Amino acid sequence: MTGKFITLEGIDGAGKSTHLDWLAKRLEQAGHQVLVTREPGGTPLGEKLREMLLNHPMHLETEALLMFAARREHLDKVILPALAQDVWVISDRFTDASFAYQGGGRGLAVEKLEALEEWVQGSLQPDLTLLFDVPVEVSRQRLSNNATLDRFEQEQSDFFQRVRDQYLQRAERFPGRFRIVDSTKRLDEIQNSLQHLFPIN
Ligand code: TYD
């Protein structure tokens with residue numbers, strides 16, 4: 001038996017983090033052991049890389065390489081061991097974020113990202129990816145409540161538009177594992193619409 005690997009994605013301010021706790025509790029109620037983690041990060045080294053990635057200006061290829069370096073560590077130390085022990089893993093972002101942000105947002109060639117993906121994770125893909133989708137104006141409105149903004153959150157609307165478009169294109173390309181969640185809806189409406197994906201016996 002192996003656990004399931006679930007990833008949460010969306011542009012900054014799409015509200016994905018709000019649903020994390022709910023999802024973890026729901027899966028626990030369904031009788032699963034659950035591990036919640038995040039990218040970049042999830043390991044001591046990965047969290048150090050996160051700190052640099054979110055705050056230190058760098059070449060876009062350095063950014064992509066560090067995202068995947070953190071991911072390699074995350075897979076090795078956290079994700080793969082948990083799945084092997086039948087633990088369900090929920091990760092706040094994973095490789096789709098690299099395609100959306102470094103690919104869509106920054107304009108890094110998809111072939112380079114695909115090469116890193118193959119290198120770091122082989123054929124491993126999430127079992128389910130929830131894409132929390134909102135128009136860029138809505139996400140920016142939500143971000144304006146934050147006291148401090150990281151290097152990504154400081155980007156302009158056109159950057160987030162490209163990130164969102166890339167996410168939506170990936171959802172279309174991989175319909176088997178993606179579910180698009182309309183994140184302009186109320187919290188309870190969203191949770192009601194997700195319940196059937198995680199039945200409690
Ligand atoms: P985020 O997950 O939004 O955390 P918080 O809710 O604490 O702000 O922040 C992580 C940022 O990293 C986000 O702006 C997207 C970016 N990111 C990438 O650019 N590429 C990646 O591969 C990953 C995992 C994240």
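The coordinates are above.
Just so you know, these numbers come straight off a predicted model, no measurement behind them.

Draft legend 1. Examining the packing of aromatic side chains more closely. As enumerated under the stated definition, the model contains five aromatic pairs in all. Taking 4.9 Å as the distance between ring centres and 80° as the angle between the ring planes, the aromatic pair formed by Phe5 and Phe94 counts as edge-to-face. Placement of the pair is Phe5 in strand S1 (residues 5–9) and Phe94 in the loop between strand S3 (87–92) and helix H4 (95–105), with a sequence separation of 89 residues. By the burial criterion, Phe5 is buried, and Phe94 matches it. Here Tyr101 and Phe152 contribute two aromatic rings whose centre-to-centre distance is 5.9 Å and whose plane-to-plane angle is 90°, an arrangement assigned as edge-to-face. Taken together, the residues Tyr101 in helix H4 and Phe152 in the loop between helix H6 (136–143) and helix H7 (157–173) connect sequence positions 51 residues apart. Of the two residues examined, Tyr101 and Phe152, each falls in the buried class. Ring-pair connections join several aromatic residues into one group, and the members of that group are Tyr101, Phe152, Phe159, Phe160 and Tyr167. Its guanidinium or amino end placed over the ring of Phe68, Arg71 lies 4.6 Å from that ring's centre, counting from NZ or CZ. Positioned above the aromatic ring of Phe152, the side-chain terminus of Arg151 is 5.2 Å from the ring centre.

Draft legend 2. View of the environment of Ala69. Topologically, Ala69 is positioned in helix H3 (residues 60–84). Exposure remark for Ala69: the relative accessible area of 35% places this residue in the partly exposed category. Separated by 46 residues in the primary sequence, Ala69 and Ala115 place their C-alpha atoms 13 Å from one another.

How each quantity is defined
- Along each chain, the written sequence defines residue order, and numbers are assigned to residues from 1.
- The predicted origin of the model limits local features to residues at a pLDDT of at least 70 and limits the giving and counting of side-chain atom pairs to 80 or more, whereas totals for whole chains, interfaces and linings rest on all residues.
- With hydrogens and water excluded, all non-hydrogen atoms of the structure serve as input to the side-chain values.
- Put simply, two rings from Phe, Tyr or Trp (the six-membered ring, in Trp's case) pair if the centres are within 6.5 Å, and we call them stacked under 30 degrees between planes, edge-to-face over 60, tilted for the rest.
- Going along the chain from the N terminus, every DSSP run of H or I of four or more residues is numbered as a helix, and every run of E of two or more is numbered as a strand.
- Throughout, exposure labels follow a simple rule: accessible area from a 1.4 Å probe, protein chains only, divided by the maximum for the residue type, with under 20% read as buried, over 50% as exposed, and the rest as partly exposed.
- Two conditions define a charge located above a ring, namely a distance within 6 Å from the ring centre to NZ of Lys or CZ of Arg, and an angle within 35 degrees of the ring normal.

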